[in-house]
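Descriptive analysis of the structure
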There are 2 protein chains.
Amino acid sequence: MLPRGRPRAMGAAALLLLLLLLGFLLFDGRLRRAAALDEDPGAGPGDHNRSDCGPPPPRPSKCELLHVAIVCAGHNSSRDVITLVKSMLFYRKNPLHLHLVTDAVARNILEMLFHTWMVPAVHVSFYNAEELKSQVSWIPNKHYSGLYGLMKLVLPSALPAELAHVIVLDTDVTFASDISELWALFAHFSDTQAIGLVENQSDWYLGNLWKNHRPWPALGRGFNTGVILLRLDRLRQAGWEQMWRLTARRELLTLPATSLADQDIFNAVIKEHPGLVQPLPCVWNVQLSDHTLAERCYSAASDLKVIHWNSPKKLQVKNKHVEFFRNFYLTFLEYDGNLLRRELFGCPSQPPPGAEQLQQALAQLDEEDPCFEFRQQQLTVHRVHVTFLPHEPPPPRPHDVTLVAQLSMDRLQMLEALCRHWPGPMSLALYLTDAEAQQFLRFIEASPVLAARQDVAYHVVYREGPLYPVNQLRNVALAQALTPYVFLSDIDFLPAYSLYDYLRASIEQLGLGSQRKAALVVPAFETLHYRFSFPHSKVELLALLDVGALYTFRYHEWPRGHAPTDYARWREAQAPYRVQWAADYEPYVVVPRDCPRYDPRFVGFGWNKVAHIVELDAQEYELLVLPEAFTIHLPHAPSLDISRFRSSPTYRDCLQALKDEFHQDLSRHHGAAALKYLPALQQPQSPA
Amino acid sequence: MLPRGRPRAMGAAALLLLLLLLGFLLFDGRLRRAAALDEDPGAGPGDHNRSDCGPPPPRPSKCELLHVAIVCAGHNSSRDVITLVKSMLFYRKNPLHLHLVTDAVARNILEMLFHTWMVPAVHVSFYNAEELKSQVSWIPNKHYSGLYGLMKLVLPSALPAELAHVIVLDTDVTFASDISELWALFAHFSDTQAIGLVENQSDWYLGNLWKNHRPWPALGRGFNTGVILLRLDRLRQAGWEQMWRLTARRELLTLPATSLADQDIFNAVIKEHPGLVQPLPCVWNVQLSDHTLAERCYSAASDLKVIHWNSPKKLQVKNKHVEFFRNFYLTFLEYDGNLLRRELFGCPSQPPPGAEQLQQALAQLDEEDPCFEFRQQQLTVHRVHVTFLPHEPPPPRPHDVTLVAQLSMDRLQMLEALCRHWPGPMSLALYLTDAEAQQFLRFIEASPVLAARQDVAYHVVYREGPLYPVNQLRNVALAQALTPYVFLSDIDFLPAYSLYDYLRASIEQLGLGSQRKAALVVPAFETLHYRFSFPHSKVELLALLDVGALYTFRYHEWPRGHAPTDYARWREAQAPYRVQWAADYEPYVVVPRDCPRYDPRFVGFGWNKVAHIVELDAQEYELLVLPEAFTIHLPHAPSLDISRFRSSPTYRDCLQALKDEFHQDLSRHHGAAALKYLPALQQPQSPA
């Protein structure tokens, strides 16, 4: 080893020796790179194993923007693509531009997700898959990915004309390395090569897997299209559009349909134009299909780069090493996506929309302020994954009503009962970590009751910060409700079995929304017992009330919250009756979907619903109590979030500060009319 | 790019050109590597940036064993070291041998952890820090790490004589890369260099940080000892033992104490023997101390390798980029350690103890068996982290009793009340994910009641598999109880305020364990109300029972479970009375610590306590009901684990199969005496 600061002292002889040594390594590397799957599976062009550091890997410069295209449709693929993106972001060191070809469902999900994720140095563009359908729908296709599987073929024309290079990925791949190493392989393309692909790691295209198996034509084992390097510029020049259509049409004269979607057509084109393809090292697409030969690749390789779950069985594929690969997948499935919001040092990039203002607002907070945690939580932008599970939007019906609520993991047990009580659409916001979101998924799959309900939309809001952002959650659920009316409920309430039908009838009869600006009040009760037989009618409910098996809601601790509902009048009422707002009133109401939003400044516990009712009253919504409606609160242990703060002495002070600020805003919007609410805001708050 | 298979066709001229180009890059790399922090912070010897692929990094061969030494003492450092190890394991591709110098606390924790973690290709050796103390205790030291901070100095003699190379790490470092890249830097050592270190990224040793600041001597900024490459062989040869002692003694003549522990002495030795040190690239020890200049390093580097939280404030250090670094740390803090149980392909290694039998047993399971999940769960070896938080063992007292229970996240709210009711020692097993363990930590820290209790030992058992391993959890908590007696309770029970004192008195009076082989029964009651005023005496309890505010436990659903306690007799009893075992009896009992273990085959819910009482009875424990003892069950929502399986039709069948197997084992151990329990095993199980 040379001492520091004296490199020039090195003798010319030593330099020469080193050069020769390097030359040998380089040459050796070249030799190895010529090998294919059968001979030397780990190696291939640009496989920088320790034994062939050889050609200096021309990795992209530090801040070069890398382009990635993914076709994604539907709820389940959207979840998959997020796991793929998480793995990519974990290892990446370059700015990325994602080009997402999506259907309406995936676009709705992913647009919101990336908007709220705010990852620095990630730009996302969307392309409408519906518009591209006609270009591939003429191809008969038997692959499970359907029409969307074929869309990779039209990327050269669908992506912007100025885009020259792109990495195309299937949604079922997982990165175990930095994508810039993959991008670097573009430099290995000859002047005419335009498509970089890894050889297939199954014998499918050899046509000998079973009797009468007649695959599409391919070079040898063919190539797998789960990971593609595309020189879009060269493909456009070479007339790719014509090229693949001609080949596909010709093959379809003798072959009935594609079995493997785009992959069949890519392979058929390559067989005809072998000069187009640059084979990539196998580690960039380790294929875990049913008949995989991938072990030849990964057992020799020192490094796995990309894992491809290309069996229809996905993670359930039978493979003796599947546990090993599954661990990579689970790593990113459960990885806290918030941790990927890290900037790239030394790569100045346009911050995501809103990020700069957010940073400024956060920077202006005073860490010594006793309410610092409140202020920080209010400013937190939570990642939101709407319609996390498959969801069927309700058919348009003029008086339909969606139950809106929010919950965290400790209330999942309520969902089955809620589904039995409310047969209509629901929009639920769930406050979860990434790992909890997966537990939630398994919970739903394990429940026949829940799995059968396509009209319940679950929106995952990812946890961040110490305080429960109750009103932000309510607003997410409310914004995603698709019916003209919403029932603003809480997760620990079970509505009367008849409530859904009764509300729709009442909305129609009362002309809610159209003729009448009103909020329909659903009277609230509570039971203190776990085991409890739910009343099937108002008569039964009143009987239970009379024997003390039920109480009006929070009768013992905070009757003010529901006193204006006037339970005595409700007992006798035959028709809806109007009640007046009073301090601390927080009934459960049915309103048109375009009602005022909840005030997101109320985080943690206290005043979150009260403020909303104040706003409704200030906007002159009538409050109409429905005579046959009721909902019952079930007992539960205090949530962790509540117990953490209940005892805090600063908690009440901070809540009072929030209330003061709320009233200032109220005065700004409603002028002197807001004076009405001032005494209410100065009263002591309920004991939690 | 050359087409495949034709490397030999390359002309000699092109080869020469390439060689020259490589030579230039190499030379350029050497130049850059000569730079120090001030000039070019990112570079340094062996810093393989894209711009200096230069000398082929001689990374260790695929299966070379890498040695790592860490000094670790106490509960908190043990948690830190696990996060460090997780980060190391995530990126590593080589077998590792960890050499852990520990105090008794850390050894107890880490030995159990690694034993149950069963990570392939990780070998762990322990060295007794107590035995090394005398070698460093003469050095006055002001650093927060105390005596343990100095122990790195004695590693050359403490580690095995045949060990030549070792990487030494502080517990507060996090890896962001493969440790083999660090190991590779040993190859850069000259023939006489023995210590690889990164330069200090603060001006501490320049002595100009504040007035009258007189640091120990160092070369320039000195070196940081958070990450050290040690050539142990050379240090031993060079007489390291004498060398550092001489230097330290001499400096201590004029300096009062070390401020930075071992680091002061390493630097003083290096100042005297500069030929010993090989400077390492700064990215291998990015120091986030209070006055750090690390930005000069990381903003220029393309890659971070190791982050060092070397401020006493740790993650709370003030640094404008701390969020970025914290994300790396949090990644591994919350990472599911089970996912690191992945083997190294192509590196045959001795499987961890027990792993082979486990693999065989798992391989013999039939996936089609409807009880497959039960059988798999029974075989699962859970990672166990005993005494997760600081814990003071109870002083030895002959009649002391530890409350033993288990819980998961959804019962954390019980802990404060439990602490108020039970002033004695507790041993609690918590079934958590890695991320939940961190939430648990924050929960305890936020609670003055819990944070004040040093006599409550929390043992984290990491989640794996779909069924709650209730009896495995109980056994972990039971095995860690340190008093002669244990009260086997459940987390949703609150004992009478006087129970702890009363039990100790009863144990003494009855001569439990010594004269009498008995289990003391604590009668169980329940309330169905959340808000409930806990009785302060038996008289108060009986009054509540009479007005229906309390019931005997599971009075409505399953009176058989506690009927043998004979509540009518208990009302009147003045002295302990003996009761007979009967089918389905599952009382809460106090027994000597060496009592039979719970049967771990009962996973999920049902029969887990009943089987334990059967075993006690079979082993001829008397059942003695205590007349003044009581414990009360509080209501709670059904846990997620219970609701998932309650409705499953196969669940009961599997439970019956477990019961049958339990009885077979019982017969094997107790012969004809086990016949007594046969009818009980064939009875229907309680409805929950």
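Refer to the preceding data block for the structure.
Sequence order sets the numbering: in each chain, residues are counted from 1 along the sequence as written. Going through the entries in the order they are written, you letter the chains from A and number the ligands from 1. Residues qualify for local features only when their pLDDT is at least 70, as the model is predicted, and side-chain atom pairs are given and counted only at 80 or more; totals for whole chains, interfaces and linings, by contrast, use all residues. Water and hydrogen atoms were dropped before computing side-chain values, which therefore reflect all heavy atoms in the structure.

Concerning the overall build of chain A
In this text, helices come from DSSP runs of H or I with a minimum length of four residues, and strands from runs of E with a minimum of two, each type numbered from the N-terminal end. Tallying secondary structure elements over chain A gives 24 helices and 23 strands in all. By the convention used here, residues are in contact when the closest approach between their heavy atoms is within 4.5 Å. Taking contacts inside chain A between residues at least 6 apart in sequence as the whole, the part at least 24 apart equals 80%. With an accessible surface of roughly 26500 Å², chain A has 54% of that area assigned to carbon and sulfur atoms. To be clear on the numbers: accessible area is Shrake-Rupley with a 1.4 Å probe, and residue cover counts the displayed protein chains and nothing else.

Quick look at the packing of aromatic side chains
Only rings of Phe, Tyr and Trp enter the pairing, Trp through its six-membered ring, and a pair is recorded when the two centres are within 6.5 Å. The plane angle decides the type: under 30 degrees is stacked, over 60 is edge-to-face, the rest tilted. If you walk through the whole model with that rule in mind, you get 63 aromatic pairs over all chains. Ring geometry for Trp183(A) against Phe186(A): centres 5.0 Å apart, planes inclined by 80 degrees, an arrangement best described as edge-to-face. Taken individually, Trp183(A) and Phe186(A) each receive the classification buried, so the pair is uniform in this respect. Residues Tyr551(A) and Tyr555(A) carry aromatic rings whose centres are separated by 6.0 Å and whose planes lie at 15 degrees to one another, so their mutual orientation is stacked. Between buried and exposed lies partly exposed: a residue is buried under 20% and exposed over 50% of the maximum accessible area for its type, with that area taken using a 1.4 Å probe on protein chains only. In this structure Tyr555(A) comes out as partly exposed when scored by relative accessible area, which is 47%. Among the aromatic residues, those joined into a ring-pair cluster are Phe90(A), Tyr91(A), Phe332(A), Tyr335(A), Phe90(B), Tyr91(B), Phe332(B) and Tyr335(B). To sit over a ring, a charge needs its Lys NZ or Arg CZ within 6 Å of the ring centre and within 35 degrees of the ring normal. Its guanidinium or amino end placed over the ring of Phe90(B), Arg342(B) lies 5.6 Å from that ring's centre, counting from NZ or CZ.

Regarding the packing of helix α2 (residues 74–91) of chain B against helix α3 (residues 104–117) of chain B
Residue and element names in this part refer to chain B. In contact at an axis separation of 9 Å, α2 and α3 are set at 35 degrees when each is read in the N-to-C sense. When the axes of α2 and α3 are compared, the crossing they make is right-handed. Listed contacts from α3 to Gly74, His75, Ser78, Val81, Ile82, Val85, Lys86 and Leu89 of α2 are Val105, Ala106, Ile109, Leu110, Leu113, Phe114 and Trp117. Note on definitions: angles span 0 to 180 degrees between N-to-C directions of axes, and those axes are lines fitted to C-alpha atoms, for helices only across the stretch in contact. In this scheme, a crossing is called left-handed if the near helix is turned counterclockwise away from the far one by less than a right angle; it is called right-handed if the turn is clockwise.

Re the pairing of strand β7 (residues 223–231) of chain B
Two faces, one strand: in a regular strand the side chains alternate between the faces of the sheet. All names here are of chain B. Counting buried positions along β7 yields 9 of 9 residues, so the element is predominantly enclosed. Should DSSP find at least two bridges between two strands, the strands are taken to pair. The pairing of strand β4 (residues 165–169) with β7 spans 5 bridges and is classified as antiparallel. Across the sheet, the residue bridging to Leu169 is Val227, located in β7. Judged from the 4 bridges that link them, strand β6 (residues 195–199) and β7 form a sheet pairing that is antiparallel. In the strand pairing of β7, Glu199 is matched with Phe223.

Considering the state of the cysteines
A covalent bond between the sulfur atoms of two cysteines is what we call a disulfide. All names here are of chain B. Defined by distance alone, a disulfide is two cysteine sulfur atoms within 2.5 Å. Counting across every chain of the model gives 6 disulfides over all chains. Each sulfur in the disulfide pair Cys371 and Cys654 lies 2.2 Å from the other. Judged by the sign of its S-S torsion, about -100 degrees, the bond between Cys371 and Cys654 is left-handed. One end of the pair, Cys371, is in the loop between α12 (355–364) and α13 (372–379); the other, Cys654, is in helix α23 (residues 649–670), with 283 residues separating them in the sequence. The burial state of Cys371 is the same as that of Cys654; both residues are buried. If the cysteines joined by disulfides in chain A are listed in sequence order, their pairing comes out as 1-4, 2-3, 5-6.

Looking at the environment of Pro312(B)
All names here are of chain B. Here Pro312 shows up in the loop between β10 (306–308) and α11 (322–333). Placed 167 residues apart in sequence, Pro312 and Ser145 show a C-alpha to C-alpha distance of 9.4 Å. For Pro312, the residues in contact, after removing those within four places along its chain, are Tyr144 and Asp290.

Here's the deal with the environment of Ala549(A)
Residues and elements named next belong to chain A. You can see Ala549 is positioned in the loop between α19 (538–546) and β19 (551–552). With relative accessibility at 25%, the residue Ala549 sits in the partly exposed group. For the pair Ala549 and Ser533, spaced 16 residues apart in sequence, the C-alpha to C-alpha distance is 9.7 Å. Those residues in contact with Ala549, other than ones at most four positions away along the chain, are Thr527 and Leu544.

Let's talk about the sheet that holds strand β15 (residues 485–488) of chain A
Residue and element names in this part refer to chain A. Read from one edge to the other, the open sheet built from 9 strands follows the order β11-β14-β13-β12-β15-β21-β17-β22-β20, with strand pairing classed as mixed. With one partner strand each, in any of the chains shown, β11 (384–385) and β20 (577–579) form the two edges of the open sheet. The sheet contact formed by β20 and strand β22 (residues 622–625) spans 3 bridges and is antiparallel. Along β22, the bridge assignment pairs Arg578 with Leu624. Packing of helix α17 (residues 470–479) onto the sheet brings it into contact with β11, β12 (401–408), β13 (426–432), β14 (456–462) and β15, and relative to β12 it is tilted by some 145 degrees.

Some thoughts on the pattern of salt bridges
Residues and elements named next belong to chain A. Each reported salt bridge corresponds to a side-chain nitrogen of Lys or Arg within 4 Å of a carboxyl oxygen of Asp or Glu. All chains considered together, the criterion is met by 68 salt bridges over all chains. Note that Lys676 is salt-bridged to Asp617, the shortest N-O span being 2.5 Å. A residue pair is termed long-range when its members are at least 10 positions apart, and Lys676 in the loop between α23 (649–670) and α24 (678–682) and Asp617 in helix α21 (residues 608–618) qualify at 59 residues. On the basis of relative accessibility, which here comes to 46%, the residue Lys676 falls in the partly exposed class. Assessed through its relative accessible area of 13%, Asp617 is described here as buried. Salt bridges sharing partners connect three or more residues here, namely Lys86, Asp336, Arg383 and Asp434.

Brief notes about the sheet that holds strand β8 (residues 277–280) of chain B
Residues and elements named next belong to chain B. With mixed pairing, 7 strands are arranged side by side in an open sheet as β3-β2-β1-β4-β7-β6-β8. Only two strands of the sheet have a single partner each, and these edge strands are β3 (122–128) and β8. Taken pair by pair, the neighbouring strands of this sheet meet at an average axis angle of 25 degrees, ignoring direction. Sheet topology places strand β1 (residues 66–72) next to strand β2 (residues 96–102); 7 bridges connect them, and they run parallel. Following the sheet pairing, Val71 is matched in β2 by Val101.

A look at helix α17 (residues 470–479) of chain B
Most of α17(B) is tucked away: 9 of the 10 residues are buried. Listing the buried residues of α17(B) in full gives Val470(B), Asn471(B), Gln472(B), Leu473(B), Arg474(B), Asn475(B), Val476(B), Ala477(B) and Leu478(B).

Quick word on the side chain of Ser177(B)
The residue Ser177(B) is located in the loop between β5 (173–175) and α6 (179–183) in this model. Those residues in contact with Ser177(B) that sit more than four places away from it in its chain are Tyr91(B), Trp284(B), Leu304(B) and Lys305(B).

What about the environment of Ala496(A)?
All names here are of chain A. Along the chain, the position of Ala496 falls in the loop between β16 (493–495) and α18 (499–510). Looking at Ala496, the relative accessible area reads 2%, which means it is buried. Placed 133 residues apart in sequence, Ala496 and Ala629 show a C-alpha to C-alpha distance of 7.0 Å. Excluding residues within four positions of it along the chain, Ala496 makes contact with His421, Phe534, Phe630 and Thr631.

Focus on unusual backbone geometry
You will see that Met118(A), though not glycine, has its phi angle at about 55 degrees, which is positive. With respect to the secondary-structure elements, Met118(A) resides in the loop between α3 (104–117) and β3 (122–128). Unlike most non-glycine residues, Asp566(B) shows phi in positive territory, near 60 degrees. Within the secondary structure, Asp566(B) sits in the loop between β19 (551–552) and α20 (567–572). The exposure class assigned to Asp566(B) is partly exposed, which follows from its relative accessible area of 32%.

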